[in-house]
Amino acid sequence: MAKILEVREVQKSYQIGKIVVPALRGVSFDVEEGEVLAIFGPSGSGKSTLLHLMGGLDRPDSGEIVVDGDSLQKLPDDALAELRLSKIGFVFQFFNLLPRLTALRNVELPLTIAGTPEKQGLEKAASLLKLMGLEARMHHRPFELSGGEQQRVAMARALVNNPKIVLADEPTGNLDTKTGWEIVQLMQKLNKEKGQTFVIITHDPHVAETADRMIFLKDGLVEAVKEAPRRNTQ
Amino acid sequence: MKISRIISIAWENMKQRRLRTSFTTLGVVIGITAIIGLASLGEGFRLEIRDRMQQGFELDILIVIPGSFTTGLGEFEPQEVSRVRNVSGAASVTPLITLPRTRLLNEEDEPLNALTVAGVNFKEMAQMLPERLAPLEGSVPSPEENNTVVLGYKACFLNESTRLVNVGDNVTVQFGAAPYNVTKKLKVAAILEKSGTSGITNFDYWAFMPANTTFNLVKREVYNIILVKVADIEESEEVGRNVEAVFDNPYSVSVLVPLAFMRQVDRILNIVQIFLMSIASISLLVAGIGIMNIMTVSVMERTREIGILKAIGAKSRTVLTMFLAEAMLIGLIGGLIGMLTGYGISYGFAYGLSNLIQSQQSSEVAYRTQNPERLSINPVFSPEWTVIAFVFAIVICVVFGLYPARKAAKLDPVNALRYE
């Protein structure tokens, strides 16, 4: 399988006041096209920092990140935005939907930014919401939706631009166990049926175990990589 | 991202915060109202003053007087008058002589209300100023009819009800100081229509006699005013210079060019207007600062939203444009409303001011004029000023929106996403 994302010796530290806190201390791994990769670790292990770096939201202090052949260090800010728009989909713990937009408009937003004609964009957004089982909730605003529904809208938004890779940051972290599980199943389904690549960041071992591969992150270092036979989630 | 979509998103954002947007826009509305109002009232005021002055002056008539204010006033010899007649650009020329220390008495030896007594060529004067020399009673005599007099309307009245003289009456002219004065009997040939306006060609208090009769009184043929009607009003100043050039000594003549005076007054009024408008512009600046303030707060409130937009691929430029579009829309809407309220307010003000002026004026002019021409100010809307004010509103909003918009555009997406 082709490598869709490469992380090479990535280091990142934060300055809090006068203290420099290392978040990542030389992390390397690859993401294969079509796999579901879980990055698992306790809080403070550097998971979120890693996800931000992989998604081009932030830049590493040293090391290299290559997404679909593009080394992110070399890209100016605008090109990074372009890359986020066309190749990466984000799913966040707190959904991060725009509160004043309907579900449909939230999903359409990346297409709007990309300059897709409105009619075409809305059709695409609607078809994805249908796929997520939200046909009846399209014209509701986020506050009228349950947590699970909001996360499915966020998932639709992440997928709307046909990204190479979806980066999910604790996608079940703000949901009850049952709903969280539904989201995990949804990702599995999209992976199986559409070959969508997922990187899921989680501190929940049950979620992590559903992945093809699991990377244990601890204190900013990769402690172990575990190839897991995928659990049957059906 | 298409600009039309950015604008429609900005519009949606503003609609979401209706009250706040309204208050921000109000500042712009007030600024533009002030500018449009002052511009249109100022322009109306300027035109009214210009009209007034045009009524007082015959703008196409230059007044040539001998001497100057510094060297003292002299006299014109007949040959000097002939030279002025040949000046290029002069359509017609007529000389006058005004007599100092001269009184007119009616048949009962009561003095007439003639403040200025002048010797003129009636034919030339009537041609040059037909409206000013229109007779109410009698007829203006030919130049050959010596020993006649034409009286201005008010010269014939002591007050509104007491008439001093009628056409056909004899009047006595007393010239010079007693006991050396010369007297002469003249017949009233005509009484002129009331001219009503103020200014130097208001002949209401004048008495005119044929120039020859005057020469008999002063024993010489001299003049002390030459009126020059110019062929083209725009060349007034040039004709004025031509007249001056006829005289050897530049101090021996003064040419009053009403147009030049008018232009100067116009220039002064223009400066006053621009000054007033720059004061009005300050209110627009204040509105701009209000926009900056509100938008900065708005950027803070929407930090997380900006972070989301950036995370899903919006470029900094897109975020910048989004906020600038909001500022621009505020300017656009504020400008449009301000234009309308500016028009409305200037009509209201003009109405109020005109009424105020008229109520003050009517007591003063009731006696003097039959049909008092009342000063009224009508706002004049110049398309240029309207466009300038409108563009200014948008520019101010965009300029002041730039700081918060840049702040939004520069937000770091990771920090913005974490913002609570």
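Just so it is clear, the structure is predicted and the values come from calculations on it, not from any experiment.

## Quick word on the overall build of chain B
A tally of helices and strands in chain B yields 11 helices and 12 strands. For 420 residues, the compact-globule formula gives about 22 Å, and the C-alpha radius of gyration of chain B, at 34 Å, lies well above that figure. Sequence-distant contacts in chain B: of pairs separated by 6 or more residues, those separated by 24 or more amount to 81%. Surface accessibility of chain B: about 20500 Å² in total, with carbon and sulfur atoms responsible for 59%. In chain B, which carries 38 positive and 39 negative side-chain charges, the distance between the mean positions of the two groups comes to 15 Å.

## Points about the overall build of chain A
Of the regular secondary structure elements, chain A holds seven helices and 10 strands. A globule of 234 residues ought to have a C-alpha radius of gyration of about 17 Å, and chain A, at 17 Å, matches this closely. Burial statistics for chain A: of 234 residues in total, 55% are counted as buried. Pairs at least 24 residues apart make up 67% of the contacts formed inside chain A by residues separated by at least 6 positions. Carbon and sulfur atoms provide 51% of the accessible area of chain A, an area that totals close to 10000 Å². Taking the average place of the 29 positive charges on the side chains of chain A and the average place of its 31 negative ones, the gap between the two points comes to 3 Å.

## Concerning the nonpolar core
Counting residues in hydrophobic clusters, the biggest one holds 75 residues, and the most contacted among them are A:Leu5, A:Phe29, A:Val31, A:Ile39, A:Leu50, A:Met54 and B:Val28. Here this core takes nine residues from helix 9 (residues 316-365) of chain B, the largest share from any one element. Apart from residues lying up to four places away in sequence, A:Met54 is in contact with A:Leu5, A:Val7, A:Phe29, A:Val31, A:Ile39, A:Ile65, A:Val67, A:Leu72, A:Ile88, A:Leu167 and A:Val199. Core analysis: the next-biggest nonpolar cluster, separate from the first, contains 52 residues, B:Val64, B:Tyr153, B:Val218 and B:Val228 among them.

## Thoughts on the sheet that holds strand 3 (residues 36-40) of chain A
Residues and elements named next belong to chain A. Here we have six strands laid out as an open sheet, ordered 6-7-8-3-9-10, and mixed in their pairing. Among the strands making up the open sheet, the edge pair consists of strand 6 (88-91) and strand 10 (221-227). Along the sheet, successive strands turn relative to each other by an average axial angle of 20°, direction set aside. Across the sheet, helix 5 (residues 147-159) touches strand 6, strand 7 (165-169) and strand 8 (197-202), and the angle it forms with strand 6 is around 170°. Contacts from helix 6 (residues 177-194) reach strand 3, strand 7 and strand 8, with the element oriented near 160° to strand 8.

## Details of a negative patch on the surface
Residue and element names in this part refer to chain B. Together, Glu 107, Glu 108, Asp 109 and Glu 110 line one region of the surface with negative charge. Its place among the elements puts Glu 110 in the loop between strand 4 (102-105) and strand 5 (116-120). On the basis of relative accessibility, which here comes to 38%, the residue Glu 110 falls in the partly exposed class.

## Here we look at helix 6 of chain A
All names here are of chain A. The end-to-end C-alpha distance of helix 6, which contains 18 residues, comes to 25 Å, matching closely the 26 Å that a straight helix rising 1.5 Å per residue would cover. Against the buried residues of helix 6 lie strand 3, helix 4 (118-131), helix 5, strand 7, strand 8 and helix 7 (205-208). You can read the cap of helix 6 off the contacts: a side-chain oxygen lies 3.1 Å from the backbone nitrogen of Lys 178, and it is on Asp 176. Count one or two residues on from helix 6 and you reach Gly 195, which has phi positive near 70°.

## A look at the interface of chain A and chain B
Tallying the contact residues gives 28 residues for chain A and 23 residues for chain B. Summing both sides of the interface, chain A and chain B together bury roughly 2300 Å²; the carbon and sulfur share of this comes to 57%. Counting the contacts that link chain A with chain B gives four salt bridges. B:Glu305 is paired through a salt bridge with A:Arg100; the nearest N and O atoms lie 2.8 Å apart. Between the two partners, chain A and chain B, sit nine residue pairs in polar contact (both at pLDDT 80 or more). Where the side of chain A that touches chain B is concerned, the elements lending two or more residues are helix 2 (77-87) and helix 3 (103-114) of chain A. For the side of chain A that touches chain B, the element with the highest residue contribution is helix 3 of chain A, accounting for six residues. Its residues assigned to classes, the side of chain A that touches chain B comprises 13 nonpolar, five polar and 10 charged.

## Structural notes on the pattern of salt bridges
If you walk through the whole model with that rule in mind, you get 32 salt bridges over all chains. The shortest N-O distance in the salt bridge between A:Lys87 and A:Asp68 comes to 3.4 Å. Pair noted here: A:Lys87 is in helix 2 and A:Asp68 is in the loop between strand 4 (62-67) and strand 5 (70-71), with a separation of 19 residues, a long-range link. As a salt-bridge pair, B:Glu12 and B:Lys15 come within 3.6 Å of each other at their nearest N and O atoms. Of the two residues, B:Glu12 and B:Lys15 both sit in helix 1 (residues 3-16), three residues apart, roughly one turn of that helix. Salt bridges here are not isolated pairs; linked through shared partners, they connect A:Lys3, A:Glu6, A:Arg8 and A:Asp30.

## So, the side chain of A:Ser71
By the secondary structure assignment, A:Ser71 is in strand 5. Excluding anything up to four places from it in sequence, A:Ser71 contacts A:Glu64, A:Ile65 and A:Val66.

## Describing the domain arrangement of chain B
When its domains are assigned, chain B resolves into domain 1 (3-56 + 262-418) and domain 2 (90-230). Computed from C-alpha atoms alone, the centre-to-centre distance between domain 1 of chain B and domain 2 of chain B is 57 Å.

## Some thoughts on the sheet that holds strand 1 (residues 3-16) of chain A
All names here are of chain A. One open sheet holds the four strands; their spatial order is 2-1-4-5, and the pairing between them is antiparallel. Two strands bound the open sheet, and with one partner strand each, they are strand 2 (19-32) and strand 5. Bridge analysis of strand 1 against strand 2 gives 11 bridges, and the strand direction is antiparallel. Within strand 2, the residue paired with Ser 13 across the bridge is Pro 22.

## As for the environment of B:Lys187
All names here are of chain B. On the secondary structure map, Lys 187 appears in strand 9 (residues 182-192). The partly exposed category is assigned to Lys 187, whose relative accessible area is 46%. Each C-alpha atom, one on Lys 187 and one on Ala 114, is 15 Å from the other, the two residues being 73 residues apart in sequence. Every residue in contact with Lys 187, bar those within four places of it in the chain, is listed here: Asn 147, Thr 148, Val 149, Gly 168, Asp 169 and Asn 170.

## Observations concerning the packing of aromatic side chains
Evaluated as defined, the whole model comprises 10 aromatic pairs over all chains. Measuring from ring centre to ring centre gives 5.4 Å for A:Phe40 and A:Phe216, while their planes differ by 80°; the resulting arrangement is edge-to-face. Of the two residues, A:Phe40 is situated in strand 3 and A:Phe216 in strand 9 (residues 213-218); the sequence distance between them amounts to 176 residues. Judged by its relative accessible area of 15%, A:Phe40 is buried. Among the aromatic residues, those joined into a cluster by ring pairs are B:Phe203, B:Trp206 and B:Phe208.

## Some thoughts on the packing of helix 3 of chain A against helix 4 of chain A
Residue and element names in this part refer to chain A. With their axes 8 Å apart at the nearest point, helix 3 and helix 4 run at an angle of 120° to one another. Between helix 3 and helix 4, the angle is such that the two are oblique. Of the two possible hands of crossing, helix 3 and helix 4 adopt the one that is right-handed. Contacts between helix 3 and helix 4 involve Ala 103, Leu 104, Arg 105, Val 107, Glu 108 and Leu 111 on the former and, on the latter, Glu 118, Gly 121, Leu 122, Lys 124, Ala 125, Ala 126 and Leu 129. Classifying every residue of the contact of helix 3 with helix 4 gives eight nonpolar, one polar and four charged.

About the criteria used
Residues numbered from 1 in each chain as written. Chains lettered and ligands numbered in written order. Predicted model: local features only at pLDDT ≥ 70, side-chain atom pairs only at ≥ 80, totals over all residues. Heavy atoms only, no water. Helix = DSSP H or I, 4+ residues; strand = E, 2+ residues; numbered from the N terminus. Rg over C-alpha atoms; globule rule 2.2 N^0.38 Å. Contact = heavy atoms within 4.5 Å. Areas by Shrake-Rupley, 256 points an atom, 1.4 Å probe, with all protein chains shown as cover. Lys, Arg positive; Asp, Glu negative; His and termini not counted. Charge placed at Lys NZ, Arg CZ, Asp CG, Glu CD. Buried < 20%, exposed > 50% of the residue type's maximum accessible area, 1.4 Å probe, protein only. Core = buried A, V, L, I, M, F, W, Y, C linked by side-chain atoms within 4.5 Å. Pairing = 2+ DSSP bridges. Axes fitted to C-alpha atoms, helices over the stretch in contact; angles between N-to-C directions. Patch = residues over 30% accessible without salt bridge, like charges linked within 9 Å, V, L, I, M, F, W, Y side chains within 5 Å. Salt bridge = Lys/Arg side-chain N within 4 Å of Asp/Glu carboxyl O. Expected span 1.5 Å × (residues − 1). Polar contact = N/O pair within 3.5 Å; in protein donor to acceptor, adjacent residues only side chain to side chain. Buried area = accessible area lost by both parts, 1.4 Å probe. Nonpolar A, V, L, I, M, F, W, Y, C, P; charged D, E, K, R; others polar. Domains from an automatic or database assignment. Phe/Tyr/Trp six-rings, centres within 6.5 Å; stacked < 30°, edge-to-face > 60°. Parallel < 35°, antiparallel > 145°, perpendicular 65-115°, else oblique. Left-handed = near helix turned anticlockwise from the far one by under 90°.

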